[in-house]
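Descriptive structure summary
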Amino acid sequence: MSEARNRRGRGAKQEDAAASEAVSMYQSREKVYPRGIKGRFQSLRKFAVFALLGLYYLLPWVTWNGRQAILLDLPAREFHIFGLTFWPQDFFFLALLLIICALSLFFVTALAGRVWCGYACPQTVWTEVFLWIEHWTEGDRPRRMKLDRGPWNREKIVRKFSKHGIWILLAAWTGFTFVGFFTPIRELGVRVFTLDLGPWETFWLIFYGFATWGNAGFMRENVCLYMCPYARFQSAMFDRDTLIISYDEARGEPRGPRKRGADPAELGLGDCIDCTMCVQVCPTGIDIRDGLQYECIACGACIDACDQVMDKMGYPRGLIRYTTENTLEGKPTRIFRPRVIVYSVLLLALIAGTLTAVAMRTPMRVDILPDRNALYRELDGGRIENVYDVKVLNMSQQAHTYTVSASGLPGITADTDPDRIEIAAGEQRNVPVRLRVDASVMSTPGTDVELTVTSEDGTLSVTETTRFHGPYNRGE
Amino acid sequence: MSDASATQAASSRLRWLGAILWPSFLTAGVATMVFFANVDPETLRYETLPDWEIGRKLGYTLGFFMFWAVCAASSALSVWLFSPARRAAKAGRKES
């Protein structure tokens, strides 16, 4: 077993030990004060933060065809996503979308490790912004530590108040935006200022705002450590060719401080000068030199910190770097391996299938409810009648006129009142349908028949099967 | 009780509560989504409690909290059934 795997095994054991004590006690964690750092990966993270939060805060304000582009209208049970409208009946697509998201996560994790955690997870992204605010108001790591240790003097009060003030403003805006995905955001904005919010809007605005403040301001890495299911199972997607952040132990050890310009070989030292910068910048407070740990969210802060130190020392960069276990051991790294191929084939098939299904979706739906009062009615002239309540839902963006027809028994007729059913875009109508058939054609008391609802222009048509009841055959 | 052990006890109670409430929150969220994608709360109310005035929003909320309560009850039972067994195992180890 490789060193990194050993380390992971040890991490898992520690976790087990922690779990076995879970009922009685947990280690009480010390607050982590991540040091600010600039560098390649931090620039990438900053870019991700701006892109993702930009999308989040701006999308609800985008208008598409005269309507909010993304509006998840729960009270009306309609989801508008750009030009498309989804109904509860389309839950199938939502399920597919979630499966695609999960598979993409597996795929990315197998290839590149926990990039989701480091760059895209809302928890990380909002925590990052909250850390920036903390940095502006309270200063860098040493000043923050000193401030927390110090007495409640005027400076501490001002700094803490301004930090929480900005945090709460941002959190409130976040909650407002969240509600804005479910209720038209422009009207919501007006109603916030006229203090005219409904009870649920108020509740969700405060709830989501409070969750943002608590999660990004206080819980931070603890969410990843104790609450996130993905953090616990992501290692199952890892293999020896997965990109991980790793400390090059062979190059770095034995670690130790030294004067600049001193020859490490002479001192019997590796390249690690034991400055602990990688530990200080870590948002989850781990030491990457202990090997791969499940706390690591792959943000790359330690890489940027170490690269700067290596530059200063005049050593080559990459003592801590994105690499794979195979590369660390001098073996070739394969990108296309069975796991990756299986994930990508499944993903492509699902995406293609979903897109085709969305494109070919018939924008109407028919539900048939048989009349409960009487199974059937015998009419004059030996005919039998069954009555149904047929729900027709026009899911398209235009009004349509529909007609109903029946098949499945010889000479069956379908009557509706009115004959032509007009339904506006996005509306639903309940239509009573009378099916009639001559008693002589029924050989059994119940037969399956098909009801077809067709739009007058012939473009839309849905057929549903229902049961037609008749009398028990007395003639024999 | 010393300060440290009091903090530890409080923190362990908090974790305990978290272990019950958090997973049940997640599962209740999924359950609510699946349930209400297939069942319109309006129809459900009409079929079962026609005299009550429950709008869709209240219906969704009630549904979610019901699911949460049920899931939390299950989590709580799991935690509760787990703990004495472990204490017994620890006691057993000490005896041997």
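Residues numbered from 1 in each chain as written. Chains lettered and ligands numbered in written order. Predicted model: local features only at pLDDT ≥ 70, side-chain atom pairs only at ≥ 80, totals over all residues. Heavy atoms only, no water.

**Re the overall build of chain A**
- The secondary structure content of chain A amounts to 17 helices and 16 strands.
- What you see for chain A is a C-alpha radius of gyration of 32 Å, clearly larger than the 23 Å of a compact globule of 476 residues, by over 25%.
- A principal-axis box enclosing the C-alpha atoms of chain A has dimensions of 110 × 60 × 45 Å.
- Scored against the burial criterion, the 476 residues of chain A give a buried share of 42%.
- Contacts in chain A between residues at least 24 apart in sequence constitute 69% of all its contacts with a sequence separation of at least 6.
- When the accessible surface of chain A is summed, it comes to about 25,200 Å², and 62% of that surface belongs to carbon and sulfur atoms.
- Of the charged side chains in chain A, 55 are positive and 53 negative; the average position of the first set lies 10 Å away from that of the second. (Helix = DSSP H or I, 4+ residues; strand = E, 2+ residues; numbered from the N terminus. Rg over C-alpha atoms; globule rule 2.2 N^0.38 Å. Buried < 20%, exposed > 50% of the residue type's maximum accessible area, 1.4 Å probe, protein only. Contact = heavy atoms within 4.5 Å. Areas by Shrake-Rupley, 256 points an atom, 1.4 Å probe, with all protein chains shown as cover. Lys, Arg positive; Asp, Glu negative; His and termini not counted. Charge placed at Lys NZ, Arg CZ, Asp CG, Glu CD.)

**Remarks on the overall build of chain B**
- From N to C terminus, chain B includes three helices and zero strands.
- Put simply, chain B shows about 6,700 Å² of open surface, and 69% of that area lies on carbon and sulfur atoms.

**Here's the deal with the pattern of salt bridges**
- Tallied over the entire structure, the rule returns 34 salt bridges over all chains.
- A salt bridge links Asp 40 of chain B to Arg 77 of chain A; its shortest N-O distance comes to 3.9 Å. Here Arg 77 of chain A lies in the loop between β3 (70-73) and β4 (78-81) and Asp 40 of chain B lies in the loop between α1 (3-38) and α2 (41-48), a pairing that spans two chains. There is no split in this pair, since Asp 40 of chain B and Arg 77 of chain A are both buried.
- Between Arg 251 of chain A and Asp 271 of chain A there is a salt bridge, with the nearest N and O atoms lying 2.7 Å from each other. With Arg 251 of chain A in helix α12 (residues 249-252) and Asp 271 of chain A in the loop between α13 (264-267) and α14 (277-281), the pair connects residues that are 20 residues apart, well separated along the chain.
- The buried category is assigned to Asp 271 of chain A, whose relative accessible area is 14%.
- Overlapping salt bridges bring together Lys 31, Glu 134, Glu 138, Arg 144, Asp 148, Lys 160, Lys 163 and Arg 220 of chain A as one network. (Salt bridge = Lys/Arg side-chain N within 4 Å of Asp/Glu carboxyl O.)

**Let's talk about the domain arrangement of chain A**
Residue and element names in this part refer to chain A.
- When its domains are assigned, chain A resolves into domain 1 (1-361) and domain 2 (364-469).
- Between the C-alpha centres of domain 1 and domain 2 the distance comes to 54 Å.
- Listed per partner, the contact involves nine residues of domain 1 and six residues of domain 2.
- Summed over the three residues of domain 1 that lose the most area to domain 2, namely Thr 85, Trp 87 and Gln 89, the buried surface amounts to 76% of that side.
- The tally of links between domain 1 and domain 2 comes to zero salt bridges.
- On inspection of domain 1 and its partner domain 2, the count reaches zero residue pairs in polar contact (both at pLDDT 80 or more). (Domains from an automatic or database assignment. Buried area = accessible area lost by both parts, 1.4 Å probe. Polar contact = N/O pair within 3.5 Å; in protein donor to acceptor, adjacent residues only side chain to side chain.)

**Some points on the side chain of Gln 293 of chain A**
Residues and elements named next belong to chain A.
- Examined against the element boundaries, Gln 293 turns out to sit in the loop between α14 and α15 (301-313).
- Among the polar contacts made by the side chain of Gln 293, one reaches the main-chain carbonyl oxygen of Asp 287 at a distance of 2.9 Å.
- Among the polar contacts listed, one links the side chain of Gln 293 to the backbone oxygen of Gly 291, at a separation of 2.6 Å.
- In this structure Gln 293 touches Ile 286, Asp 287 and Ile 288, once residues within four positions along its chain are discounted.

**Description of the environment of Tyr 230 of chain A**
Residues and elements named next belong to chain A.
- Mapped onto the elements, Tyr 230 comes out in helix α11 (residues 229-233).
- Along the backbone, Tyr 230 and Leu 105 are 125 residues apart, and their C-alpha atoms lie at a distance of 9.7 Å.
- Residues within four places of Tyr 230 in sequence aside, it is in contact with Leu 105, Thr 109, Gly 113, Arg 114, Trp 116, Cys 117 and Met 237.

**Section: the packing of helix α7 (residues 154-180) of chain A against helix α8 (residues 185-193) of chain A**
All names here are of chain A.
- Packing of α7 against α8 leaves a shortest axis separation of 9 Å and a crossing angle of 135°. When the axis of α7 is compared with that of α8, the two are oblique. For α7 against α8, the interelement crossing comes out right-handed. Contacts between α7 and α8 involve Phe 176, Thr 177, Val 179 and Gly 180 from the first element and Ile 185, Leu 188, Gly 189 and Val 192 from the second.
- Looking at the contact of α7 with α8 residue by residue, the class counts come to five nonpolar, three polar and no charged. (Axes fitted to C-alpha atoms, helices over the stretch in contact; angles between N-to-C directions. Parallel < 35°, antiparallel > 145°, perpendicular 65-115°, else oblique. Left-handed = near helix turned anticlockwise from the far one by under 90°. Nonpolar A, V, L, I, M, F, W, Y, C, P; charged D, E, K, R; others polar.)

**Quick word on the sheet that holds strand β13 (residues 421-423) of chain A**
Residue and element names in this part refer to chain A.
- Pairing in this open sheet of four strands is antiparallel, and the strands run β13-β11-β15-β16 from one edge to the other. Every other strand in the sheet has two partners, leaving β13 and β16 (461-469) as the edge strands with one partner each. Taken pair by pair, the neighbouring strands of this sheet meet at an average axis angle of 30°, ignoring direction.
- Across six bridges, strand β11 (residues 400-407) lies against strand β15 (residues 446-455) in antiparallel orientation. Residue pairing in the sheet places Ser 405 in a bridge with Thr 452 of β15. (Pairing = 2+ DSSP bridges.)

**Some words on helix α17 (residues 338-360) of chain A**
All names here are of chain A.
- In this model, α17 (23 residues) spans 33 Å end to end at C-alpha, consistent with the 33 Å of a helix rising 1.5 Å per residue.
- By the burial criterion, the buried members of α17 are Val 340, Tyr 343, Leu 347, Thr 354 and Val 358.
- The inward-facing, buried residues of α17 abut β5 (84-86) and α3 (91-112). (Expected span 1.5 Å × (residues − 1).)

**Description of the packing of aromatic side chains**
All names here are of chain A.
- Inspection of the entire model under this criterion finds 32 aromatic pairs over all chains.
- Look at Trp 204 and Phe 207: their rings are 5.3 Å apart centre to centre, the planes differ by 80°, and that puts the pair in the edge-to-face class. Remark: Phe 207 and Trp 204 occur in helix α9 (residues 199-219); sequence separation between them is three residues, near one turn of the helix.
- On the basis of relative accessibility, which here comes to 33%, the residue Phe 207 falls in the partly exposed class.
- On the basis of an interplanar angle of 45° and a centroid distance of 5.9 Å, the ring pair of Phe 210 and Trp 213 is categorised as tilted. Residue Phe 210 and its partner Trp 213 are located together in helix α9, separated by three residues, close to a single helical turn.
- Look at Phe 210 and you get exposed, because its relative accessible area is 54%.
- Positioned above the aromatic ring of Phe 86 is the side chain of Arg 361, whose terminal nitrogen or guanidinium carbon lies 5.0 Å from the ring centre. (Phe/Tyr/Trp six-rings, centres within 6.5 Å; stacked < 30°, edge-to-face > 60°. Lys NZ or Arg CZ within 6 Å of the ring centre and 35° of its normal.)

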